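Commentary on secondary and tertiary structure
This is what each chain is made of:
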Amino acid sequence: MMQEKRKLAPVKVNWKAGAYELYIHGSEQSTLIATTIVKLPDGSNKRLRIIFESFAEFRFFNYNYGESNYKEYLIQAPDGIFLEDTADWDPYGPSFRGDGVCINPYFYEVQNTEWFNEKWYQKLTKQNFKHYLLVGYDSYLEVLAKDSIKYEFEEL
C-alpha cells in the first residue's frame, strides 16, 4: 500500500526561513525555542526566535528536508492547491504578498500528521495542538505544540 504524501500548509507569517541553520533549546517545563535567521518582506535578514510555549514532542533532523523526503510531500500554494514542487512559484507572484505574509515561509502545519494516530496524542487535538515543521538549510524541526506560538526578532 502506498503511503499518502504529507500535506504541508504554510503558516501565515511575515518572514521566510529555510536558508540558515536551526538552533533549538527546550525545557522540561514544556517550552521549546527554535532560532534561525529569516528574510523579511523588505529584504533584510533578522534572527528569529520561535517560542512554542507548550509542546508534547519534537524531532530534530540534521539533514536537508527536501532531499531526505523527496517526492513524499506536497505544499499548499496560495490558491489552495497542493503542489509537489515549489521551485517555480512565479505564477503566484513575489515571495511576500502585499500584506507582508510569505507564501512559502518554510514553516508549515502538517495537515495529515500521523502523530495524532498515537494513542497518547489523540486527546491533544482537542487542546489546539498541531504538528509544525520548520525547515532550515540542512536541518529541520518537527514539533507537536499548541497553536499559541510567539515570535521574537533580534538584530543580527
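Our structure is the block above this text.
Report follows, based on the coordinates. (Residues numbered from 1 in each chain as written. Predicted model: local features only at pLDDT ≥ 70, side-chain atom pairs only at ≥ 80, totals over all residues. Heavy atoms only, no water.)

1. Observations concerning the overall build of the chain
A tally of helices and strands in the chain yields one helix and eleven strands. The helix and strand sequence of the chain, counted from the amino end, reads β-β-β-β-β-α-β-β-β-β-β-β. Relative to the compact-globule value of 15 Å for 156 residues, the chain shows a C-alpha radius of gyration of 15 Å, a close match. Long-range contacts, defined here as pairs at least 24 residues apart, represent 63% of the contacts in the chain between residues at least 6 apart. Counting only carbon and sulfur atoms, one obtains 48% of the accessible surface of the chain, whose full area is about 9,000 Å². Put simply, the chain has 18 plus and 23 minus side-chain charges, and the middle of one group is 5 Å from the middle of the other. (Helix = DSSP H or I, 4+ residues; strand = E, 2+ residues; numbered from the N terminus. Rg over C-alpha atoms; globule rule 2.2 N^0.38 Å. Contact = heavy atoms within 4.5 Å. Areas by Shrake-Rupley, 256 points an atom, 1.4 Å probe, with all protein chains shown as cover. Lys, Arg positive; Asp, Glu negative; His and termini not counted. Charge placed at Lys NZ, Arg CZ, Asp CG, Glu CD.)

2. A word on the sheet that holds strand β5 (residues 55–61)
Pairing between the strands of a sheet comes from backbone hydrogen bonds, and it takes one of two forms, parallel or antiparallel. The mixed open sheet is built from seven strands, whose spatial order is β5-β10-β9-β8-β1-β6-β7. If you trace the sheet from one side to the other, it starts and ends with β5 and β7 (82–83), each paired once. Here strand β8 (residues 107–110) runs beside strand β9 (residues 129–135); their pairing, made up of three bridges, is antiparallel. Opposite Phe107, over in β9, you have Leu134 as the bridge partner. (Pairing = 2+ DSSP bridges.)

3. Points about the pairing of strand β2 (residues 23–26)
One ladder, built from four bridges, connects β2 with strand β3 (residues 32–39); its direction is antiparallel. Bridged to His25 within β3 is Ile33. The antiparallel hairpin formed by β2 and β3 contains five residues in its connecting segment, where Ser30 sits at a positive phi of about 70°.

4. Focus: the pattern of salt bridges
Taken as a whole and assessed by the stated rule, the structure comprises 13 salt bridges. In this structure, Arg59 and Glu57 form a salt bridge, with 2.9 Å as the shortest nitrogen-oxygen distance. Across the salt bridge formed by Arg59 and Glu118, the nearest N and O atoms sit 3.8 Å from each other. Taken as a pair, Arg59 in strand β5 and Glu118 in the loop between β8 and β9 lie far apart in primary sequence, 59 residues in all. The exposure class of Arg59 is partly exposed, given its relative accessible area of 29%. One network of salt bridges, with partners in common, ties together Lys5, Lys71 and Glu84. (Salt bridge = Lys/Arg side-chain N within 4 Å of Asp/Glu carboxyl O. Buried < 20%, exposed > 50% of the residue type's maximum accessible area, 1.4 Å probe, protein only.)

5. What to know about the packing of aromatic side chains
Under the defined criterion, the tally for this structure stands at eleven aromatic pairs. Ring plane angle 85° and centroid distance 4.7 Å describe the contact between Tyr65 and Tyr140, whose orientation is recorded as edge-to-face. Pair noted here: Tyr65 is in helix α1 (residues 65–68) and Tyr140 is in strand β10 (residues 140–146), with a separation of 75 residues, a long-range link. Take Tyr65 and Tyr140: they sit in the same class, and that class is buried. Among the aromatic residues, ring-to-ring pairing joins Trp15, Phe52, Phe107, Tyr132 and Tyr151 into one connected group. A cation sits over an aromatic face here: Lys7 above Phe82, 5.5 Å from the ring centre. (Phe/Tyr/Trp six-rings, centres within 6.5 Å; stacked < 30°, edge-to-face > 60°. Lys NZ or Arg CZ within 6 Å of the ring centre and 35° of its normal.)

6. Structural notes on the nonpolar core
Counting residues in each nonpolar core, the largest one holds 20 residues, and the members touching the most others are Trp15, Ile50, Phe52, Phe107, Leu134 and Leu141. At the level of elements, β3, β4 (45–52), β9 and β10 are the ones that each hand at least two residues to this core. When sequence neighbours within four positions are dropped, the list of residues in contact with Leu141 reads Leu22, Ile24, Leu32, Ala34, Phe52, Phe58, Arg59, Phe60, Tyr132, Leu133 and Leu134. Judged by nonpolar contacts, the second largest core, of twelve residues, contains Tyr73, Ile75, Leu133 and Val135. (Core = buried A, V, L, I, M, F, W, Y, C linked by side-chain atoms within 4.5 Å.)

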